[in-house]
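Examination of the molecular architecture
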Amino acid sequence: MARPGAYLQGAHRRFGDPMTIRTFWTPEPMVLFSHPDAVREVFRLDPAIAPAGQSWEFLRPFAGPDSILLLDGEAHLRERRLLQAPFHGERMRALAPMIGELARAELATWDGRVVTLQRMRELALEIILRVVFGAHEDHEVAGLRHAIDATLDGVRSLPRMLAMAVVQRDLGPRSPWGRFRLAVQRFDALLLETIARRRAQPGGGGGAVLDLLLEQRDEHGAPTTDRHVRDQLVALLMGGHDTSSATLAWAFERLARHPAVLARMRDGDPAYLDAVVKEVLRVRPALTIAPRLLLEPVRIAGHDLPAGVQVAACLWLAMRREDLWDRASAFRPERWLEQPQQPSWIPYGGGVRRCPGAPFAEMELREVLRAAAGLRLRPVRPRGERARRSLLVIVPERGGEVLVG
Ligand code: HEM
């Protein structure tokens with residue numbers, strides 16, 4: 001758990017593909033596949049046989065019962081359609097200038113030693129809050145910013161998360177679980193207040209995602225409940241915040257050690273910027289696995305797997321297999337210009353659960369990195385940072401420390 005990158009690679013070297021691991025957050029053993037043919041089979045599994053919702057069961061206390069993360073089948077597909085709509089096409093592209101502006105304002109403050117993960121968390125949270133709640137700055141959004149930070153801070157640290165996963169009982173308001181529950185309650189109260197205010201004043205966010213969510217109808221034509229909208233908001237804030245900031249921190253960690261890449265980014269070639277984004281997502285994907293729980297026995301890549309085990313596409317290993325990628329562990333954006341179609345690039349997972357925020361995430365990464373191309377970056381230490389876990393995502397162990405200027 002603490003060093004997922006090194007662990008996965010070590011285990012893969014030792015046991016090959018597939019391999020079975022045991023994790024603390026699911027009671028079942030988990031069979032990991034990284035070969036592209038097997039990964040394709042995992043992503044094509046019928047969700048009725050291999051649901052993903054149950055793999056995220058441990059998130060229920062925060063994500064909520066109507067969360068897309070926990071749903072499966074028809075309810076899940078309906079939720080995806082609802083959540084995907086605001087993050088595509090013209091609507092999404094119209095957000096680019098706002099993101100570029102926020103990024104430039106943030107980067108203008110950088111001087112000397114910067115722990116980029118912290119700064120990118122703040123920036124990514126600011127961006128997703130504005131996208132979801134509306135572009136205007138007000139104390140409502142400021143309150144939510146503090147509340148989400150307080151809630152997530154309780155679960156980002158590995159020891160606290162372990163303590164919570166093991167105990168999962170309220171041992172009073174000062175225990176990790178008790179503190180987490182209180183933080184969620186405070187956060188929920190703020191979210192529900194915001195929802196109530198917006199219902200009373202339709203369109204108050206100037207067409208922000210929340211306005212669209214409030215216009216939705218359920219399958220019987222009735223407006224969605226406040227609790228349901230709350231779960232949708234949490235899914236977007238959770239899914240669209242730590243993942244992007246982890247990826248951006250890795251981008252700074254890599255760019256500080258690859259000045260030639262940074263220099264080439266300054267030429268302003270959009271294809272090269274795109275290649276940098278793709279390459280960061282390849283060498284340091286924010287999530288390591290995309291798990292599904294088997295309800296029936298299946299055969300994957302010639303292996304018979306029994307019902308009751310978890311099966312997962314291992315994103316981390318699939319994108320750094322030496323037999324598939326030329327100099328797999330090298331950070332080399334040029335590979336995407338030499339060969340635009342690379343096998344098994346799956347940072348967003350796949351199948352019916354593939355990340356619905358992917359187009360938005362990439363636009364956000366491009367805008368921030370375009371704004372960063374003019375910086376002079378150096379590493380604090382020459383050796384690259386190792387990967388460590390922070391809640392669900394993989395981050396640089398020193399927070400992507402760089403020297404600016
Ligand atoms: C670099 C940024 C991001 C990465 C690497 C990433 C990656 C992923 C991955 C691997 C999954 C699971 C896929 C699977 O199980 O097959 C996922 C799911 C999801 N992501 Fe992202 N994501 C990113 C950004 C975002 C953003 C910006 C949003 C929202 C605006 C978002 C919303 C979601 C949601 C709601 C799900 C659950 C989908 C479902 O269960 O059907 N993600 N993401």
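Residues numbered from 1 in each chain as written. Predicted model: local features only at pLDDT ≥ 70, side-chain atom pairs only at ≥ 80, totals over all residues. Heavy atoms only, no water.

For the ligand, the set of nearby residues contains 26 residues, the closest of which are His-76, Arg-80, Arg-292, Arg-353 and Cys-355. A distance of 2.8 Å separates an oxygen atom of the ligand from a polar atom in the side chain of Arg-80. At 3.0 Å from an oxygen atom of the ligand is found a side-chain nitrogen or oxygen belonging to Arg-353. Among the cavities detected, the one that contains the ligand is the largest cavity. Mapped onto the shell around the ligand, the elements with two or more residues apiece are α4 (73-84), α13 (242-256), β4 (289-293) and α18 (358-372). Broken down by class, the residue content of the shell around the ligand amounts to 15 nonpolar, 8 polar and 3 charged. (Near = heavy atom within 4 Å. Polar contact = N/O pair within 3.5 Å; in protein donor to acceptor, adjacent residues only side chain to side chain. 1 Å grid on protein atoms, 1.4 Å probe; cavity = no way out; pocket = protein on both sides within 12 Å on 5 of 7 lines; lining within 4 Å. Sits in = over half its atoms within 2 Å of the grid points. Helix = DSSP H or I, 4+ residues; strand = E, 2+ residues; numbered from the N terminus. Nonpolar A, V, L, I, M, F, W, Y, C, P; charged D, E, K, R; others polar.)

A separate point is the coordination of the iron atom of the ligand. Put simply, the ideal angle at a metal is 109.5 degrees for four donors in tetrahedral geometry and 90 or 180 degrees for six donors in octahedral geometry. One donor from the polypeptide reaches the iron atom of the ligand: Cys-355 (SG), at 2.3 Å. Structurally, Cys-355 can be placed in the loop between α17 (334-338) and α18. (Donors = N, O, S within 2.8 Å, 3.2 Å for Na, K, Ca; no water.)

Moving on: the sheet that holds strand β7 (residues 310-314). With mixed pairing, 4 strands are arranged side by side in an open sheet as β1-β2-β7-β4. The open sheet is flanked by β1 (19-21) and β4, the only strands paired with a single partner. Going from strand to strand, the sheet's axes swing by 30° on average, the running direction of each strand aside. Bridge analysis of β4 against β7 gives 5 bridges, and the strand direction is antiparallel. Pairing of Leu-293 across the sheet is with Gln-310, part of β7. Sitting on the sheet, helix α2 (residues 36-44) is in contact with β2 (30-33), β4 and β7, with an inclination near 130° to β7. (Pairing = 2+ DSSP bridges. Axes fitted to C-alpha atoms, helices over the stretch in contact; angles between N-to-C directions. Contact = heavy atoms within 4.5 Å.)

Moving on, we get to the sheet that holds strand β3 (residues 112-115). Judged by pairing direction, the sheet is antiparallel, and its 3 strands sit side by side in the order β3-β11-β8 without closing on themselves. The sheet terminates laterally at β3 and β8 (377-379), the two strands that pair on one side only. Put simply, the sheet's adjacent strands are angled 40° from each other on average, direction ignored. Direction of pairing for β8 relative to strand β11 (residues 401-404): antiparallel, over a ladder of 3 bridges. Residue pairing in the sheet places Arg-378 in a bridge with Leu-403 of β11. Across the face of the sheet, helix α7 (residues 116-133) comes into contact with β3 and β11 while running at roughly 60° to β3.

Here we come to the UniProt feature "binding site: heme" (unreviewed entry) in the chain. On the UniProt side, "binding site: heme" (unreviewed entry) is annotated at positions that read Cys-355 here. Relative accessible area serves as the criterion here: at 29%, Cys-355 is assigned to the partly exposed category. (UniProt positions renumbered as here; feature names shortened; annotations may be inferred. Buried < 20%, exposed > 50% of the residue type's maximum accessible area, 1.4 Å probe, protein only.)

Attention now moves to the environment of Ala-200. By the element assignment, Ala-200 lies in helix α10 (residues 176-200). Counting along the chain gives 176 residues from Ala-200 to Phe-24, while the straight-line C-alpha distance between them is 44 Å.

This part takes up the side chain of Glu-367. Within the secondary structure layout, Glu-367 lies in helix α18. In contact with Glu-367, other than residues within four places in its own chain, are Ala-96, Ile-99 and Gly-100.

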